[in-house]
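Chain by chain, the residues:
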Amino acid sequence: MSVVPVIPVYSAEIEQQVTPWTVRELMHNLAQVKHSKATFVERKHFSMLKEPLVFAGTLLYTAPGKLEKYTLVPKPESILLDQDKLTMQSGDNGKQRVVSLREYPAIWAFVESIRSTLAGDLETLNRFYKVSMEGRGGKWRLILLPLDPKMRDMVVEIRIAGSNEQINTIEVMEAGGDHSMMEITKDDS
Amino acid sequence: MKRFKVRWPIAVWLIFIGFCVLVVSRIQVGADLNAFLPGTPTSAQRLLTEQLRDGIVSRLILIGIEGGPTEKLAATSKQLAYRLRKEPAFMMVNNGEKGTLDRDQAFLVDNRYLLSSAVTPERFTAGGLRDSLENILQMLGSPAGTMIKQVIPRDPSGELLHIVEGFAGQAQPALQEGVWTSDDGSRALLILQTSAAGYDIDAQQHAVELARKHFAETIQGAEFAGLKMRLSGPGVFSVEARDNIEGVAFKFSIITAILVSGLLLLVYRSWRVLAISLLPVASGALAGIAAVSMGYGVVFGVTLGFGITLIGEAVDYSIYFFTHLSPGRPPSKALKNIWPTIRLGVLTTICGFSPMFLADFPGLAQLGLFSVIGLVVAVLVTRWVLPNLVSEKFSPVAPGLLADRVIAVIGYAPRLRPLVYVAVVAAVISIAMHREPVWSDQLSSLFPLSVEKQQLDQSLRDDLGAPDVRFLIVVGGKYREEVLERSEAVGVQLDKLMSRKILTGYDTPSRYLPSVKTQQIRQAALPEERQLRSNLKQALTGMPFRDDLFEPFFREIAAVRVQSPITLDDLKGTNLGLQTESLLAHYDDGWRAMLPLRGVTDKQAIQHAFGSQDAMVTLLDLKNESDSLYDSYVHEAVWLSIIGALSIIVLLFISLRSARRVADVLLPLGAAVIITLAVLLAGGQELLLFHLVGMLLSVAVGSNYSLFFDRESNAATHDQDGKLTMVSLLVANISTTIAFGMLGFSGVPVLTAIGQTVAMGAFLSLLFSAVLMGGKIVNET
């Protein structure tokens, strides 16, 4: 098993206004996936750090609303998202933090960018983001621009790229230049 | 000279009425809330009283805006909040908008080293800093990283995070379109805190009116059509209850007056006589209010509402008077024969109600005073004033015509005797078998509030995530600093209980305004710059943070070390400041801090920790206190009623001097009360205190009937006068049943309770008097 990143090529030429229908079609395809398991490698670049933080672990998705992220490297840590509840637990000291998403709209918007995409829930995406799409079924890229100004102060843009009903990368551009890239590989085991 | 002699009662009466009008014109109608607070409270009850009168809870107004799409509701919420913030009547207007929280955030960030309870010398050693930096690095990788990264260069020890964790358990409402809404977005929510205390009903009314006015102005324009505002909260309730009870009192006095007047007009056939016959009632009510106003300083809405019930009984006296006028018997002689019986009836009523004066429950005490004074004045006016106002030749025709028919009906009544016995036995069995609680067990059942309003309040609270505060720790002391220091000690204990998951959180003024002593200890825990730099450098070894990242941290620590302690002034203009002021209050005897507890899972552990440790730290279980307060009222009322009943029996023995006659008089009354009680309980009602008052009143009214029956059956001769008495009883009974029966439909729980009980009790008293005592009268006629 190897991690094969699929990094789309960005150019002004291929950027075209796609009809909403294609977004719908993509969402429809994504919605067919009821359960999936994947490994991830995430690189977070912060201006305050000398080097990027690298995390790796597994992702579990169960339709429609449950997402589990188990980080193994550098430290065991888990984040469980179930409906409105976000449970964060760090493995070494067992300290658990439960957050209700509606108390933190910015976090909510952020997690929906991934969860709603996985669920093919265009309605929820549209509630938080201006959604546009590039490419086609075999190689597509969703571009999400936050609608809420409060959210825009933190996240400028989220790019999710994939092929067919698979998500391959999630890229988050934060305000002030920090950015992160998560590469996802389907794990069929 | 003779003329003067005849007219002197009128002069006295006029002067008396003038005096009453003067007193009543200065009347102060008090909050009904206070009617239910004890006169001589325990210290816990006193704290409860303070909280209910002007505590944080009492100043809250909850607003829900409904009836449109979420965007419209949010726009209205913002506009309304903007307008209300300009009104000095509101200390705080919160609708969840971002702008209102900016200053709070700034305060917490700027003063984090003085506010954080985690600030200790260990925290700023190389090891301590390393721990928190590792924690921060991990947070940075989590979804929350984006939110916290700005403060990291200023706060590597993580004080802000620690402070925010202290707010745990403080549920927040949903946020949509930038304002608080219900989960489904169908209602925008605002919380207001009034500047005036909750007990100041006029100020509360002003605040409610301001909110309504600004809402009406905000939603002008077609696009806002259909939007509605719903208000709730203790102040709103007090205002509505006052309006409601005054409105009901007014409306039902008019309806009752019209119906009773119609009946009397039928009997007297004279407008002038009708007007005169209402004088005793009016005088009695006026005197009753004046007496309460003089005796207690304020008159409660409930007492005022009770005033109208007096119409039902006091009008009886003028009925006895007018029905006994007949050709050949001038007004001055009308009452001559029946006066002793009327006098005994009044004395019975006084005996029944006097014990109420002793009640610790001000509402009940006022009611007792009102009834006794009202009835005594009504009967005196009937006896001394009415004869002077009626023409010598006047006599109503109807009673004479009715007399024979009434007597005939009474003749049949004794046949029902077995039925009455069966009914009483059935009623006793039914009461004995009653399994549901007899008494309503909540203090709130005394408030004149509809169930609908209580539900609205509950749903607004649920939406806001602001459940009723049940447990409150009250910390007392002579000086503010002393109270803050003591609150901090209590806070340490509460933190321990929180780690044992006995509660989810608490609030305390010392979270926003630590005592000066504590602030100084925290300042002293901060190392000087060179030491701090060396500690941090050591902590950063092998960590990915940039070398020059934490310069702001060094600068700020250096500044905090020499900063003067924060005061209440520094909190001005923030929500936290208002929160602090509402949790920290100054009273005549010193300062008090209120620490509301959230999410208590183990009541006993809390009671064990704070139950009885310290005279200055009191755990207040608001629900328990108010329930036990209500319980004590019920017990008191039951005891006072028993004393009242016993004194009625003693009075009857002294007057009638015959056990048999006393039994005869009491039997119909007892039967009526028992059956009324059985019917109320069988109807699924939980009894209120006021049902008991109603029963007492129906005994008072009913005793007039049975005493008259007693008088007639023991009279040497049965003449036309006796027949007229029976007619007068019938007319009096119909008017009483009308007055109280109407009140049964008022919709105000306390008045409905009195109305139903007295209407039924009085009607049955007359019926049973006729059934059980009527035989002798008719047979010997």
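In this text the structure is predicted, and so the values were computed from the model without any measurement.

Novice: With reference to specific residues and values, describe helix α10 (residues 201–218) of chain B.
Specialist: Residues and elements named next belong to chain B. Under the 1.5 Å per step criterion, the end-to-end length of α10 is 25 Å for 18 residues, consistent within 8% with the ideal 26 Å. Among all positions in α10, only Ile201, Gln204, Ala207, Val208, Ala211, Phe215 and Thr218 are buried. Across the axial projection of α10, the buried residues extend over an arc of 120°, all falling on one side. Opposite the buried face of α10, by more than 90 degrees, sit the exposed residues Asp202, Glu209, Lys213, Ala216 and Glu217. Buried residues along α10 sit in contact with β2 (60–66), α4 (70–85), β3 (90–94), β6 (187–194), β7 (228–232) and α11 (234–268).

Novice: Describe the confidence of the model for chain B, naming the residues involved and giving the relevant values.
Specialist: Detailed reading of predicted coordinates is not advised where the pLDDT is low. All names here are of chain B. Counting all residues, the mean pLDDT for chain B is 84, and 92% of those residues have values of 70 or more. Of all secondary-structure elements in chain B, the lowest mean pLDDT belongs to helix α2 (residues 32–35), at 57, while helix α23 (residues 516–525) reaches the highest, 94. Confidence metrics for the complex model read pTM 0.67 and ipTM 0.75.

Novice: For the interface of chain B and chain A, give the residues involved together with the corresponding values.
Specialist: At the interface, 19 residues of chain B touch 24 residues of chain A. When residues of the side of chain B that touches chain A are traced back to their parent elements, those giving at least two are α7 (126–141), α8 (145–148) and β4 (174–176) of chain B. The element contributing the most residues to the side of chain B that touches chain A is α7(B), with three residues. Looking at the side of chain B that touches chain A residue by residue, the class counts come to eleven nonpolar, five polar and three charged.

Novice: So what's going on with the environment of Val420(B)? Which residues, and what values?
Specialist: Residues and elements named next belong to chain B. Relative to the assigned elements, Val420 resides in helix α20 (residues 417–433). Take Val420: there are 21 C-beta atoms within 10 Å of it, and that puts it in the buried class. For the pair Val420 and Ile675, spaced 255 residues apart in sequence, the C-alpha separation works out to 9.7 Å. When sequence neighbours within four positions are dropped, the list of residues in contact with Val420 reads Ala671, Phe768, Val771 and Leu772.

Novice: Mind laying out the nonpolar core, listing which residues take part and the relevant values?
Specialist: All names here are of chain B. By size, the foremost hydrophobic cluster in this structure holds 161 residues, and its most contacted members are Ile61, Ile63 and Ile754. The dominant element in this core, judged by the number of residues it contributes, is helix α32 (residues 749–780), at 17 residues. In this view, Ile63 contacts Leu189, Leu190, Leu192, Ala211, Met229 and Leu231; residues no more than four positions away in its chain are not counted. By size, the runner-up hydrophobic cluster in this structure holds 92 residues, among which are Ala118, Leu140, Trp591 and Leu622.

Novice: Account for the packing of α20(B) against helix α29 (residues 659–682) of chain B, naming residues and giving values.
Specialist: All names here are of chain B. Running from N to C, α20 and α29 point in directions that differ by 45°, and their axes come no closer than 9 Å. When the axes of α20 and α29 are compared, the pair comes out oblique. Between α20 and α29 lies a crossing whose hand is left-handed. Contacts from Val420, Ala423, Val424, Ala427, Val428, Ser430 and Ile431 in α20 reach Ala671, Ile674, Ile675, Leu677, Ala678, Leu681 and Ala682 in α29. When grouped by side-chain class, the residues that make up the contact of α20 with α29 number 13 nonpolar, one polar and no charged.

Novice: Could you give me a rundown of the confidence of the model for chain A, with the residues and numbers involved?
Specialist: When pLDDT is averaged along chain A, the result is 81, and 85% of the positions lie at 70 or above. pLDDT under 50 marks residues 1–18 of chain A. Its contacts with residues more than four places away, or in other chains, come to 21 contacts.

Novice: Describe the sheet that holds strand β11 (residues 179–186) of chain A, with residues and values.
Specialist: Across the sheet, eleven strands lie side by side as β6-β5-β4-β3-β2-β1-β11-β10-β9-β8-β7 (chain A); this open sheet has antiparallel pairing. At either end of the open sheet lies a strand with only one pairing partner, and these are β6 (96–100) and β7 (129–136) of chain A. On average, adjacent strands in this sheet sit at an angle of 15° to one another, irrespective of strand direction. Bridging between strand β5 (residues 85–90) of chain A and β6(A) involves five bridges; their strand directions are antiparallel. Across the sheet, Met88(A) pairs through a bridge with Arg97(A), a residue of β6(A). Contacts from α7(B) reach β1 (35–45), β2 (53–62), β4 (77–82) and β5 of chain A within the one sheet, and its direction differs from that of β2(A) by about 50°.

Novice: Which residues make up unusual backbone geometry, and what values go with them?
Specialist: For the peptide bond that leads from Ala63(A) to Pro64(A), omega is 0°, which places it in the cis range. In this fold, Pro64(A) is placed in the loop between β2 and β3 (66–73). Cis geometry is found at the peptide bond from Val73(A) to Pro74(A), where omega equals 0°. Positionally, Pro74(A) belongs in the loop between β3 and β4. In this structure, Lys501(B) is a non-glycine residue whose phi angle is positive, near 60°. Of note, Lys501(B) is situated in the loop between α22 (480–499) and β10 (505–506).

The rules behind the values
Residues numbered from 1 in each chain as written. Chains lettered and ligands numbered in written order. Predicted model: local features only at pLDDT ≥ 70, side-chain atom pairs only at ≥ 80, totals over all residues. Helix = DSSP H or I, 4+ residues; strand = E, 2+ residues; numbered from the N terminus. Expected span 1.5 Å × (residues − 1). Buried ≥ 20, exposed ≤ 12 C-beta atoms within 10 Å, placed from the backbone. Arc of directions from axis to C-beta. Contact = placed C-beta atoms within 7 Å. pLDDT = per-residue confidence, 0-100. Nonpolar A, V, L, I, M, F, W, Y, C, P; charged D, E, K, R; others polar. Core = buried A, V, L, I, M, F, W, Y, C linked by C-beta atoms within 7 Å. Axes fitted to C-alpha atoms, helices over the stretch in contact; angles between N-to-C directions. Parallel < 35°, antiparallel > 145°, perpendicular 65-115°, else oblique. Left-handed = near helix turned anticlockwise from the far one by under 90°. Pairing = 2+ DSSP bridges.

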